[in-house]
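# Analysis of the macromolecular model
These are the residues of each chain, in order.
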Amino acid sequence: IPVVSGFVELTIFPTVVNLNRIKLNSKQCRIYRVRVNDLEAPFIYNDPTLEVCHHESKQRNLNYFSSAYTAAVSAVDPDAGHGELVIKVPSELWKQGDEMNVLKVYIEFSLDQPKGGLHFVVPDVEGSMAERGAHVFSFGYQNSTRFWFPCVDSYSELCTWKLEFTVDASMVAVSCGDLVETVYTHDMRKKTFHYVLPIPTAASNISLSVGPFEILVDPYMHEVTHFCLPQLLPLLKHSMSYLHEIFEFYEEILTCRYPYSCFKTVFVDEAYVQVSSYASMSIFSTNLLHSAMIIDQTPLTRQCLAQALAQQFFGCFISRMSWADEWVLKGISGYIYGLYLKKTFGVNQYRHWIKEELDKMVEYELKMGGVLLHPTFGGGKDKDNPTPHLHFSIKHPHTLSWKYYKMFQCKAHLVMRLIENRISMEFMLQVFNKLLSLASTASSQKYQSHMWSQMLVSTHSFLKSISNVSGKDIGPLIKQWVDQSAVVKFFGSFAFNRKRNVLELEIRQDYTSSGTQKYVGPIKVTVQELDGSFNHTLQIEENSLKHDIPCHSKSRRNKKKKIPLMNGEEVDMDLSAMDADSPLLWIRIDPDMSILRKVEFEQADFMWQYQLRYERDVVAQEESILALEKFPTPASRLALTDILEQDQCFYKVRQGACFCLAKIANSMMSTWTGPPAMKSLFTRMFCCKSCPNIVKTNTFISFQSYFLQKTMPVAMAQLRDIQNLCPKDVLNFILDLIKYNDNRKNKFSDNYYRAELIDALTNSLTPAISISNEVRTVDNLNGDVRLILEEITRSLNMEKLLPSYRNTITVSCLRAIRMLQKNGHIPSDPSLFKSYAEYGHFVDVRVAALEAVVDYTRVDRSSVELQWLLNMVQNDPAHYIRHKILSMLGKNPPFTKAAESPLCNEALVDQLWKLMNSGTSHDWRLRCDAVNLYYTLFGLTRPSCLPLPELGLVLNLKEKKAVLNPTIKPEQGLDTTEMTGNTMGVHIPVMGFTSSEDEIDMESPHDSQAFIHHHLNILERPSTPGQHPVKHPARIILLSDNLVLFFSRTRCTSTVDQAVLSLPVTPLPSSFGKESTSSSKHSGDHHHHHHHHEHKKKKKKKHKHKHKHKHESKDKERDSHAFSNSPASGRSVRSPSMSD
């Protein structure tokens, strides 16, 4: 059982007189004792996020949960000066505040079987821990360091660090900063690693990894070290051989050295995400490692390395002021990563990537109603929730849906690119350089709080820097894309006026549907005419639709003259297809993607065909491929075939053309002449001259043709004949490709190619023709299907003997078997998938198997399988798998809020509610996934399958009698004001009463906020006679921080020396003058109630609350001091009582 014990020492500079309490973040740590300057200090530990809504609450609607969850997260938000651990500074030290002496806070703690923050991977095999490859690493989403040691878990609180980790002698501890020494214990069984990080760093950017790692010092850069699990060193060498070039690229464009003195890459199993970046180190998934034989993984791994390194500069070294400024860091790191893509993989790949990201984000915004980059809170009622269209709050990173956060990052780098379009790349890089050079000057200073703030970026400072460097005002751009959400939706069409020789262009907008906004401003239109390509900038005004663009060339088709293209090339074109009267070849709206938009443009089929053939921009070619699906004509077929044969054409465009050609062939089924689409082309390119049905031996020397060879069979398998079956010769052709595949002379692996051939077989399947009451068995299978099934079975069995890289073939086989089941060829049965989904299989295989089980659950409405999946979400050791199951259930739900389903029942509601309420408190991402699933299944209001809430019981304490609560209203459509009365009733295990004389509104978010704050002034500080209580929160500055951890079992000990930290002064929100602490929660043996509390508005009465708690501790009821109400949940026996 993994146990970690350790201690933390924080050096704190008070910035206020009489600092009387210190709030820190800490989750799931057991705190044994706290000392401040060698004096024992009383403390309260209370984590309101453990259980968001109290267990006796019968509330089941998501609106209520979301507001309660946001309130719970706010109550311990370090940026607002809150925390789970509240330490009372002994009164002997108060007077010292005048002299502003340094405080040293010393905390002993342990972690028993941590569920979050640290992940232990202990393979179930023979041998010692090191031989088994047991390892542990820290993980988390956003600021999650509080899960493994007490700290100020905010990105804006910087300090210097000393870290010590004591581990088994066979293990290596890797952490942030420079390794100064390694010391063995007397018995030589353990050793302690001492790390020092002199650069001020936020606790959230500190990480740790311990394991029997093999170590590789980078041959090109000796300050870079790579760590991998045993026996993977050869893969590590190959995968990392390229890293120095990424370093050189970033240092060159930013004209700035890498900020830390060293860089460490650690590759671990069961990683939380593929890449997580921390100060001077990054933790990667071990599945990114590959050998020189693998083609497909190589670019992906390099992209991950480039992302990690970009985040070292912006994200780790330069941190953020507040959550509202996150977009700047994500935007800059994403933007410079894009520049790296452009340099390494070429402009085509870069533009393709931008188009892909833009399409993805636009689709998400139109579906969900908008992504807001720079949320501002406070002000009026509207301001408090700037995104009413979402079912979660965007106030904190920990309440965001994972998909939303992904789209947020995507939008951030696209907006950076828009800023670059506006001010030029040169100025953009100057701005980044300025941010970095200010930060590196600041980082080398001895502690001065105002100096270190240069290492934090805020939206304001970033925009100021832009206007100083470029002298341009980008205010309107920021207002449009950063301060408000939503995208633009254009519809375009045109007519050519021959008399005036003018192109009449009409551009309409849809700004009424969800996720759209109105665009006013410039838009670029490119018109390709016979005389060349011309750019026009049109102004889109409030209500102008029609724009007249003068044409340069008269129509002159008879003169044989080359036609100049955009890039200066001149080509001969066959102009017979075009309109005799018009000189227009094609038109493009916003070709540079300089607006976040979706464009639907109508032009004639011949114009799309010219655009596909002759436009040299890959984005234009991809757009025309998409458009040509609507024009199944011989001319379209010819244009697509020509593209397939063009070697100079970007490979992704050719891959797209394959699928488009298959769709066109299916639409032209009756008039199609010649062999099936692409067959003769494939034969010519990849088969033997003498025997056209035998494929040549594989040599994947040209990657372009490798990707084409992989894609063509998959696209061909989508072809259908008149009976809607896959043509016999196509199926035989694919089976022959599998049969004659020969990879003996190839220096590259063919596992991805073989997997795609299985995908091709899957694509060829069509629904079985069922003969009445015939039992489906393998014996009465259709002949073709039988061949497919045999091939799949053979491949699956071969994989067990000779597994392929990343088990790509198993993954494809599992998908194929599910398709056979769905099409009714073999009996539907989830047991095979369930066995492949068990813990111990490779992660890709598990995900593919789980996808099949999720699909089976929906199609067969199987409650057994749904239960099995939800059990896995609760119990699977791998965090990524739990996350995947919930997101797959969200994408392919067993039922939705719109439809009736036998699966929708009270037990399921309770189970999911429990999962998101208290079952996922150790993993922010998982909790948000559970909320998403709950929303998909039941919507925002009370689930329809629940009975009406019963009449509640209210205790009237004045008259000492219980009254049936008259204020419960039945549901009215969507507007359910549920359980309006406070119907907690009597709750036996706790001596707690609630009195409710007024109706309490349990729905609106501000109430739960006010309640938490009103109710929990646990630590009201006793005011000195003659003085008023201090109204502002205590400000603390941390100087240094020591953390020592010991791991038992994998035994490692560590000491962190957190140093200088300055907490900003945040004035408390007006709703509560008193200092507030987090809400009471049940933890350990104490149960507490939640009461909802109204703001003290003018017309509202105040509510009385009586609250008693029975503590298991021997202490008698203490005096009526504020502390006696405190649920000192998790108070250790040794900690002194909170009352003085």
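Overview of the structure.

What counts and how
Residues numbered from 1 in each chain as written. Predicted model: local features only at pLDDT ≥ 70, side-chain atom pairs only at ≥ 80, totals over all residues. Heavy atoms only, no water. Core = buried A, V, L, I, M, F, W, Y, C linked by side-chain atoms within 4.5 Å. Buried < 20%, exposed > 50% of the residue type's maximum accessible area, 1.4 Å probe, protein only. Helix = DSSP H or I, 4+ residues; strand = E, 2+ residues; numbered from the N terminus. Contact = heavy atoms within 4.5 Å. Pairing = 2+ DSSP bridges. Axes fitted to C-alpha atoms, helices over the stretch in contact; angles between N-to-C directions. Salt bridge = Lys/Arg side-chain N within 4 Å of Asp/Glu carboxyl O. Parallel < 35°, antiparallel > 145°, perpendicular 65-115°, else oblique. Nonpolar A, V, L, I, M, F, W, Y, C, P; charged D, E, K, R; others polar. Polar contact = N/O pair within 3.5 Å; in protein donor to acceptor, adjacent residues only side chain to side chain. Expected span 1.5 Å × (residues − 1). Arc of directions from axis to C-beta. Left-handed = near helix turned anticlockwise from the far one by under 90°. Patch = residues over 30% accessible without salt bridge, like charges linked within 9 Å, V, L, I, M, F, W, Y side chains within 5 Å. Areas by Shrake-Rupley, 256 points an atom, 1.4 Å probe, with all protein chains shown as cover. Phe/Tyr/Trp six-rings, centres within 6.5 Å; stacked < 30°, edge-to-face > 60°.

### Topic: the nonpolar core
Grouped together as the largest cluster of nonpolar side chains are 323 residues, with contacts concentrated most on Ile87, Tyr250, Phe314, Trp327, Ile419, Phe432 and Phe462. Counting residues per element, this core draws most heavily on helix α7 (residues 326–368), which supplies 18 residues. Residues in contact with Phe314, not counting those within four places in the same chain, are Leu254, Leu329, Ile332, Ser333, Ile336, Phe432, Leu435 and Leu436.

### Observations concerning the sheet that holds strand β2 (residues 21–24)
Taken in spatial order, the three strands line up as β2-β6-β5 in an open sheet, and their pairing is antiparallel. Every other strand in the sheet has two partners, leaving β2 and β5 (43–45) as the edge strands with one partner each. Here the average twist between neighbouring strands, direction ignored, is 15°. With three bridges joining them, β5 and strand β6 (residues 85–88) adopt antiparallel strand pairing. Within β6, the position partnered with Tyr45 by the bridge is Leu85.

### Here's the deal with the pattern of salt bridges
With the rule as written, the count across this model stands at 44 salt bridges. Linking Lys546 and Glu506 is a salt bridge whose minimum nitrogen-to-oxygen distance equals 3.6 Å. Residue Lys546 is located in strand β26 (residues 546–550), and its partner Glu506 is located in strand β23 (residues 502–509); the two are separated by 40 residues in the primary sequence. A residue is classified by how much of its surface remains accessible, and Lys546, at 56% relative accessible area, is exposed.

### Side note on the packing of helix α1 (residues 62–75) against helix α28 (residues 906–919)
Across the interface, α1 lies against α28 with an axial gap of 12 Å and an inter-helix angle of 10°. As judged from the angle between their axes, α1 and α28 are roughly parallel. Side by side, α1 and α28 meet where Leu62, Tyr64 and Phe65 of the first sit next to Trp913, Met916 and Asn917 of the second. Of the residues belonging to the contact of α1 with α28, the class tally is five nonpolar, one polar and no charged.

### Comments concerning the side chain of Thr936
Positionally, Thr936 belongs in helix α29 (residues 924–938). The class for Thr936 is buried, based on a relative accessible area of 18%. A distance of 2.8 Å separates a polar atom in the side chain of Thr936 from the backbone oxygen of Asn932. Beyond its immediate chain neighbours, meaning those up to four positions away, Thr936 contacts Gly890, Pro893, Phe895, Thr896 and Lys897.

### Details of helix α12 (residues 459–470)
Between its first and last C-alpha, α12 extends 16 Å over twelve residues, near the 16 Å set by a 1.5 Å rise per residue. Looking at α12, one finds that the buried residues are Thr459, Phe462, Ser465, Ile466, Val469 and Ser470. Seen along its axis, α12 keeps its buried residues to an arc of 130°; they face one direction. In this structure, the buried side of α12 is in contact with α7, α9 (402–423), α10 (425–443) and β21 (456–457). Gly471 occupies a position one or two residues after α12 and carries a positive phi of about 70°.

### A look at the side chain of Thr857
Considering the arrangement of structural elements, one finds Thr857 in helix α25 (residues 843–860). In terms of polar contacts, Thr857 uses its side chain to reach the backbone carbonyl oxygen of Val853, at 2.7 Å. With residues near it in sequence (within four places) discarded, Thr857 still touches Ser862, Glu865, Leu866, Leu869, Pro894 and Leu903.

### Some words on the pairing of β26
Burial along β26 is one-sided: the residues His547 and Ile549 are buried and none of Lys546, Asp548 and Pro550 is. As defined by bridge partners, β23 adjoins β26 across five bridges and the pair is classed as antiparallel. Residue pairing across strands places Glu506 opposite Lys546, the latter belonging to β26.

### What about the packing of helix α17 (residues 651–667) against helix α19 (residues 703–716)?
Viewed as axis vectors pointing N to C, α17 and α19 meet at an angle of 15°, and their least axial separation amounts to 9 Å. Judged by the angle between their axes, α17 and α19 are roughly parallel. Handedness of the α17/α19 crossing: right-handed. When α17 is examined against α19, the residues Tyr651, Arg654, Gln655, Cys658, Phe659 and Ala662 are found in contact with a partner set consisting of Gln704, Phe707, Leu708, Thr711, Met712, Val714 and Ala715.

### A few points about a nonpolar patch on the surface
A cluster of nonpolar side chains, namely Met798, Leu801 and Leu802, defines an oily patch on the protein surface of about 330 Å² accessible area. Mapped onto the elements of the fold, Met798 is located in helix α22 (residues 783–801). Residue classification places Met798 among the partly exposed residues on the basis of a relative accessible area of 37%.

### Considerations on the packing of aromatic side chains
Going through the model one piece at a time under the given rule, you end up with 48 aromatic pairs. Geometrically, the ring pair formed by Tyr258 and Phe263 is edge-to-face, given 5.9 Å between the ring centres and 70° between the ring planes. This pair shows no difference in class: Tyr258 is buried, exactly as Phe263 is. Put simply, the rings of Phe247, Phe249, Tyr250, Tyr258, Tyr260, Phe263, Phe313, Phe317, Tyr340 and Phe345 touch in pairs and so form one group of aromatic residues.

### Comments concerning the pairing of strand β14 (residues 208–211)
Both faces of β14 are covered, namely the face carrying Leu208 and Val210 and the face carrying Ser209 and Gly211. Looking at chain direction, strand β9 (residues 135–138) and β14 are connected through two bridges and run antiparallel. For Phe137, the partnering residue across the bridge sits in β14 and is Ser209. The pairing of strand β11 (residues 172–175) with β14 spans four bridges and is antiparallel. Following the sheet pairing, Val174 is matched in β14 by Ser209.

### Here we look at the environment of Cys945
Relative to the helices and strands, Cys945 is located in the loop between α29 and β31 (953–956). By relative accessible area, which is 24% here, Cys945 ends up partly exposed. Expressed as a C-alpha distance, the spacing of Cys945 and Asn905, which sit 40 residues apart in the sequence, is 5.6 Å. Filtering out sequence-adjacent residues up to four positions away, Cys945 remains in contact with Cys904, Asn905, Glu906 and Val909.

### Some details on the sheet that holds strand β22 (residues 488–497)
Strands sit in the order β26-β23-β22-β30 across an open sheet of four strands; the sheet is mixed. The open sheet has two edge strands, β26 and β30 (597–601), and neither has a second partner. Adjacent strand axes in the sheet meet at a mean angle of 25°, parallel and antiparallel pairs treated alike. In this sheet, β30 lies alongside β22 in parallel orientation, the contact comprising five bridges. Looking across to β30, one finds that Phe490 is bridged to Val599.

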